[in-house]
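Okay, here's what each chain looks like letter by letter:
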Amino acid sequence: MLPNLKTRRITSLQLAGKHLGPVAKCPPRYSEEDWDYNNKIKFRITCDQEKLAERIVEESRRVVDETKDTTKNWQREVEHHMRERTSEIRFLVDELNRQKKTAMLEDEALNTYRNRVLNAIEFLKDKSLAICKQCLILREGRIGVDLCDDEVDRSLRRELKVIKGCQGLADAALKEAEEQIRKLRAAMYLLDQDLAAKDKSLSIDEKNLKLKDFQHDLAKGQDLSKQHCQFSLTEWQAQTYENLEANAKALVSAGQLRAYIDLLLKQVCEDMQNQTDRTNEAFDRRIAETKHVKQCLENKHKDTMDHIHQVQRNMNDLEKEMSDKQRAIALCSTRLSNRAHRPGLELTCDMVQDALYNELQALKASVCKLNQKLNENKASMRYLMHVQVMQEEEINIKANTCKIDEVDCMTLRQALKYQSF
């Protein structure tokens, strides 16, 4: 309708002259129908715009309420997921802390077992091996026939072999313990890294839970909607559980290694103690045998000395008897010599002369026998003296052996007391 009015207004203009513009005449007068029509049109336009405005306002209120509900729903959902996330992270943090504490205790226990193995290795090297070698060296100081390959030497060599075998087992256990400690600490390092990351993530989510939309310190102007996460939730969970599983495996391996070290050290102690006892028993038997032989030699030496004294007395008696026989021979010879000066017919071979000749022959025979026995006694004396010297040498040899075995070796071996380290 308004364009018609404009048309009417324009058509009322008149042109004055050929080259002159239009000359305004008096404003046209509208009819009542135009006035009524115009008022109705304006009123209708006003009503339409008011209705449109009301509809827009109503829709705006609905949208506001809808967006408010949507925002609150999303905020509730986000906060719910954040609480679930913080709860899950907190659970994993607690599990990581528990595993870390267990790993630290296991690491301390494994270090204790490592020190036990080191103590065993040090004892085997500084005590067992050194004492065994020292005993072998000391027994080389035996002299004479006592320097033989007896049961003690064989036991010492077996003990040396057992010591070296135990040292090999202990060295292998030490290497395994050090490798297991390295693996356990590597697993603990991964736990620490994961725990630090989760602590930071947990603090961020807890901080976000405390944030409200009415606060004034909220970040503005940062569009992070296109920021992409580098890892998925599955990868995150897999990494954490992988670290926990690796730590659990390290803990199981450490526990098994500690049980093995316990058994190994117990077995080493039993083997070394049994071999040490067998060697000590061989020493005791050898010392008892040596003392017995030495005592027998001393007894024989005493008997030999008695026989020497007896032979010496017998020789003295023989020499005295020979001296008496020499005087008797001299008497008999003097009588014969005196009777040789009988005059004339008195120089007869009478019974006295025959008796003197027989006495002289008997005395000479007796001297011969006595001299033979004296020589036999002297020879026996020489043999007895040789036996005496031999016995004294053997006694000294046995005394030296007893000193080496009982005093030197057994005194050293008193320090071989094995325990579970």
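These figures come from a predicted structure and were not determined experimentally.

What counts, and at which threshold
- Residues numbered from 1 in each chain as written.
- Predicted model: local features only at pLDDT ≥ 70, side-chain atom pairs only at ≥ 80, totals over all residues.
- Heavy atoms only, no water.
- Phe/Tyr/Trp six-rings, centres within 6.5 Å; stacked < 30°, edge-to-face > 60°.
- Helix = DSSP H or I, 4+ residues; strand = E, 2+ residues; numbered from the N terminus.
- Lys NZ or Arg CZ within 6 Å of the ring centre and 35° of its normal.
- UniProt positions renumbered as here; feature names shortened; annotations may be inferred.
- Buried < 20%, exposed > 50% of the residue type's maximum accessible area, 1.4 Å probe, protein only.
- Axes fitted to C-alpha atoms, helices over the stretch in contact; angles between N-to-C directions.
- Parallel < 35°, antiparallel > 145°, perpendicular 65-115°, else oblique.
- Contact = heavy atoms within 4.5 Å.
- Nonpolar A, V, L, I, M, F, W, Y, C, P; charged D, E, K, R; others polar.

**Here we look at the packing of aromatic side chains**
Line of reasoning, step 1. Per the counting criterion, the structure on display carries 1 aromatic pair.
Line of reasoning, step 2. The interplanar angle of 75° and the centroid separation of 5.4 Å between the aromatic rings of Phe-123 and Tyr-418 together place this pair among those described as edge-to-face. Here Phe-123 is found in helix α2 (residues 32-139), whereas its partner Tyr-418 is found in the segment after α5 (351-413), with 295 residues between them in sequence.
Line of reasoning, step 3. Sitting above the plane of the Trp-236 ring, Arg-85 keeps its charged end 3.8 Å from the centroid.
Line of reasoning, step 4. One cation-aromatic arrangement involves Arg-116 over Tyr-113; the distance from NZ or CZ to the ring centre is 4.9 Å.

**Focus: the UniProt feature "coiled-coil region" (unreviewed entry) in the protein**
Line of reasoning, step 1. When the UniProt feature table is mapped to this numbering, "coiled-coil region" (unreviewed entry) covers residues 167-194 and 301-328.
Line of reasoning, step 2. Spanning residues 167-194, this segment combines 100% helix with 0% strand, and its end C-alpha atoms are found 40 Å apart.
Line of reasoning, step 3. Taken end to end, residues 301-328 is 100% helix and 0% strand, and its two terminal C-alpha atoms sit 40 Å from one another.

**Describing the environment of Glu-140**
Line of reasoning, step 1. Take Glu-140: it is sitting in the loop between α2 and α3 (151-210).
Line of reasoning, step 2. For Glu-140, a relative accessible area of 55% translates into the label exposed.
Line of reasoning, step 3. Taking the C-alpha atoms as reference, Glu-140 lies 9.4 Å from Ile-404; in sequence the two are 264 residues apart.

**Remarks on the packing of α2 against α5**
Line of reasoning, step 1. At a closest axis distance of 10 Å, the pairing of α2 and α5 adopts a crossing angle of 170°. Considered as vectors, α2 and α5 are oriented roughly antiparallel to each other. Of the residues in α5, those in contact with Ile-131, Gln-134, Cys-135, Leu-138 and Arg-139 of α2 are Ile-404, Asp-405, Asp-408, Cys-409, Leu-412 and Arg-413.
Line of reasoning, step 2. When the residues that make up the contact of α2 with α5 are grouped by side-chain class, the tally is 6 nonpolar, 1 polar and 4 charged.

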